[in-house]
Amino acid sequence: MAPRLQPVRGTRDLVGEELRRHRHVVETGRHLALRYGFEEIATPIFEFTEVFARTLGEASDVVTKEMYTFADRGGDSLTLRPEGTAAVVRAAISGGLLRAPPLKLFYQGPMFRYERPQKGRLRQFHQIGVEILGAGEPAADVEAIVLGRHLLEELGVAARTRLHLNTLGDPESRARYREALVAHLEAHRHRLSADSLRRLERNPLRVLDSKDPGDREVVATAPVLVDFLSAGSRAFYAEVRARLADLGVPFVEDPHLVRGLDYYTHTTFEFLTEELGAQGAVVAGGRYDGLVRQMGGPDLPGVGWAAGVERLAMLLSTSPPPPRPTALVPIGEAAEREAWRLALALRRAGFVVDLAYRGGPRPRMKRADRLGCRFALFLGEEELAAGTVKLRDLDSGAETALPRARLSAELERLGAARIRS
RNA sequence: GCGGGCGUAGCUCAGCAGGUCAGAGCACCAGGUUGUGGUCCUGGGGGUCAUGGGUUCGAAUCCCAUCGCUCGCCCCA
């Protein structure tokens, strides 16, 4: 019985152009993060289930119905990571990395959520993200946001996104607001949608960004969080906004931008696009001052974001082109073996070289064309006898005979594709 | 988990008031052109028409189910 050959629902094979776009997003993110002084961390792809269950909230949708959880052969309950923050914080605590805060970490990799796939939403998807641990200053929020914006600029998609900004205040502010909001929603519960009644139980703040028209009416008259902010929280938020303005980062304040998870505090933000349908958030994050302690670490604040690699890849208007190889074309038996020696030498020098296993000059040239080669090198009786190689520029058609000793230097001068390890 | 749309060659699709309906373009292979590509010409390989069942003399075409894709709700990056 042959196995089913389709990839598992919500997963994708990446190859060619699509893979290049993903790589481009990830590499751009990595390079920028390093430039901002972040250190890369790679954590395991699965953790003990409790790492996510406790931190994301036992009642959250992610935990209750979206995690890939399984028992390993030793009986431990493990979960494929549904997001990066909990895993990174766990690693920072257990690795003792928090003794010299602030700690700035970058990560990238696949995440897993059992959801109904749709545009920009897969069951195995990829994120890049940053976390700043141990910095309670507004400057940290701002640096994270600026890095997010910088990433979008570098990818050429910033103009098609908009930064939404909000604050949840400190835990006390937030708790008082939540109480007032729940009271209001309870008073109007007969007008709420079924979805929002459910939210009311689990995640009242989420009602604020409901799309249901009836819910919106109830929300319109609801108390607003700004009125419940402590003086300290207001000052913090004002500082974040002032610094963003100072650095020329455009944003819109969005009082309905909320996070469901309890450990979120103060700044919350999302870079949204209109171009990806329902899954419009390409970079999203916020401050989570309660998380590290909640996970059993020191009482350190944190702020960070995650970006959806697939979503950003879809947004790219151009993708990096593949390298244009140099084709080696031996002509005749005698040149065949010599061509392989030459190919090895050129590859050792870093050049991208294609050498077909068989065929006459014509089929080989057709192949070179198909591969998008920039140069072709002919090696036949004549060249063998003269110790030369004939170099053809496939864009212009110009040919020159070169002594073999000068080949590498000439290819370099002409800018032939190289990949350095 | 709930709704809508869609599944025909590797790719993009045509064919669908049931009766040469298994096709086109691109891609691929070979030859024209065994010391030279992009154009052109000729020929060729490829499809259980997603899968299973039903209606019918006859189904890619109609019906049902399943699987998958896709868009929205939900959730979220």
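Computed from a predicted structure; not experimentally measured. (Residues numbered from 1 in each chain as written. Chains lettered and ligands numbered in written order. Predicted model: local features only at pLDDT ≥ 70, side-chain atom pairs only at ≥ 80, totals over all residues. Heavy atoms only, no water.)

## A look at the side chain of Arg 287
- Note on placement: Arg 287 falls in strand E10 (residues 281–287).
- Relative accessible area serves as the criterion here: at 0%, Arg 287 is assigned to the buried category.
- Within polar-contact distance, the side chain of Arg 287 engages the side chain of Asp 141 at 2.6 Å. (Helix = DSSP H or I, 4+ residues; strand = E, 2+ residues; numbered from the N terminus. Buried < 20%, exposed > 50% of the residue type's maximum accessible area, 1.4 Å probe, protein only. Polar contact = N/O pair within 3.5 Å; in protein donor to acceptor, adjacent residues only side chain to side chain.)

## Considerations on the domain arrangement of chain A
- Split by domain assignment, chain A resolves into domain 1 (16–170 + 230–315) and domain 2 (326–414).
- Here domain 1 and domain 2 have C-alpha centroids that lie 49 Å from each other. (Domains from an automatic or database assignment.)

## So, a nonpolar patch on the surface
- Together, Ile 45, Phe 46 and Phe 70 make up an exposed nonpolar region whose accessible area comes to about 240 Å².
- Counting through the fold element by element, Ile 45 comes out in the loop between strand E1 (39–40) and strand E2 (46–48).
- The partly exposed category is assigned to Ile 45, whose relative accessible area is 34%. (Patch = residues over 30% accessible without salt bridge, like charges linked within 9 Å, V, L, I, M, F, W, Y side chains within 5 Å. Areas by Shrake-Rupley, 256 points an atom, 1.4 Å probe, with all protein chains shown as cover. Salt bridge = Lys/Arg side-chain N within 4 Å of Asp/Glu carboxyl O.)

## As for the protein's contact with RNA strand B
- Around RNA strand B sit 48 residues, and of these Arg 199, Arg 362, Arg 370, Lys 390 and Leu 394 come closest.
- A distance of 3.0 Å is found between a phosphate oxygen of RNA strand B and a side-chain nitrogen or oxygen belonging to Arg 12.
- Measuring from a phosphate oxygen of RNA strand B, one finds a side-chain N or O atom of Lys 211 at 2.8 Å.
- Among the elements of the structure, strand E6 (124–133), helix H7 (194–202), E10, strand E11 (302–308), helix H13 (361–370), helix H14 (381–386) and strand E15 (388–393) are those that each provide at least two residues to the surface near RNA strand B.
- Classifying every residue of the surface near RNA strand B gives 13 nonpolar, ten polar and 25 charged. (Near = heavy atom within 4 Å. Nonpolar A, V, L, I, M, F, W, Y, C, P; charged D, E, K, R; others polar.)

## A few points about the sheet that holds strand E12 (residues 326–330)
- Strand order in this open sheet of five strands is E13-E12-E14-E15-E16, and the pairing throughout is mixed. The open sheet has two edge strands with one neighbour each: strand E13 (353–354) and strand E16 (399–403).
- Of the pairings in the sheet, the one linking E15 to E16 comprises five bridges and is antiparallel in character. Residue pairing for E16: Arg 392 is matched across the bridge by Glu 399.
- Strand contacts of helix H12 (residues 333–348): E12, E13 and strand E14 (375–379), with the helix running at about 160 degrees to E12, the strand carrying the most contacts. (Pairing = 2+ DSSP bridges. Contact = heavy atoms within 4.5 Å. Axes fitted to C-alpha atoms, helices over the stretch in contact; angles between N-to-C directions.)

## Some remarks on the sheet that holds strand E4 (residues 77–80)
- In space, the three strands of this open sheet follow the order E2-E4-E3, with antiparallel pairing throughout. Unpaired on one side and paired on the other, E2 and strand E3 (68–71) mark the two borders of the sheet. With direction set aside, neighbouring strand axes in the sheet form an average angle of 30 degrees.
- Across three bridges, E2 lies against E4 in antiparallel orientation. Residue pairing for E4: Phe 48 is matched across the bridge by Leu 78.
- Seen against the sheet, helix H2 (residues 49–56) touches E2, E3 and E4 and runs at an angle of roughly 75 degrees to E2.

## Re the environment of Val 224
- Within the element layout of this structure, Val 224 appears in the loop between helix H8 (213–220) and helix H9 (231–246).
- Remark: the alpha-carbon pair of Val 224 and Tyr 177, spanning 47 residues in sequence, is separated by 7.8 Å.

## Observations regarding the environment of Ala 71
- Mapping Ala 71 onto the fold places it in strand E3.
- Separated by 56 residues in the primary sequence, Ala 71 and Val 15 have C-alpha atoms spaced 32 Å apart.
- Not counting residues within four places of it along the chain, the set of residues in contact with Ala 71 comprises Asp 76 and Ser 77.

## A closer look at the pattern of salt bridges
- According to the stated counting rule, one finds 29 salt bridges in the structure shown.
- The salt bridge involving Arg 160 is made with Glu 275; its shortest N-O contact spans 2.9 Å. Within this pair, whereas Arg 160 is found in the loop between helix H5 (138–154) and strand E7 (161–167), its partner Glu 275 is found in the loop between strand E9 (265–273) and E10, the two being separated by 115 residues in sequence.

## Notes on the packing of H5 against H9
- One can describe the packing of H5 onto H9 by two numbers: an axis separation of 9 Å at closest approach and a directional angle of 40 degrees. Looking at the two axes, H5 sits oblique to H9. Crossing hand, H5 versus H9: right-handed. Taken together, the residues of H9 that come into contact with H5 (itself represented by Pro 138, Ala 139, Asp 141, Val 142, Ile 145 and Val 146) are Phe 236, Glu 239, Val 240, Arg 243 and Leu 244.
- Looking at side-chain class alone, the contact of H5 with H9 contains eight nonpolar, no polar and three charged residues. (Parallel < 35°, antiparallel > 145°, perpendicular 65-115°, else oblique. Left-handed = near helix turned anticlockwise from the far one by under 90°.)

## A word on unusual backbone geometry
- Of the consecutive residues Pro 101 and Pro 102, the connecting peptide bond is found in the cis state with omega at 0 degrees.
- Note that Pro 102 resides in the loop between helix H4 (85–94) and strand E5 (103–112).
- A positive phi angle is found at His 266, which is not glycine, with a value near 50 degrees.
- Here His 266 falls in the buried class, since its relative accessible area comes to 9%.

## Concerning the side chain of Arg 121
- Among the structural elements, Arg 121 can be located in the loop between E5 and E6.
- Only 2.5 Å separates the side chain of Arg 121 from the backbone oxygen of Arg 116, close enough to count as a polar contact.
- Setting aside residues no more than four positions away along its own chain, Arg 121 makes contact with Glu 115, Arg 116 and Gln 279.

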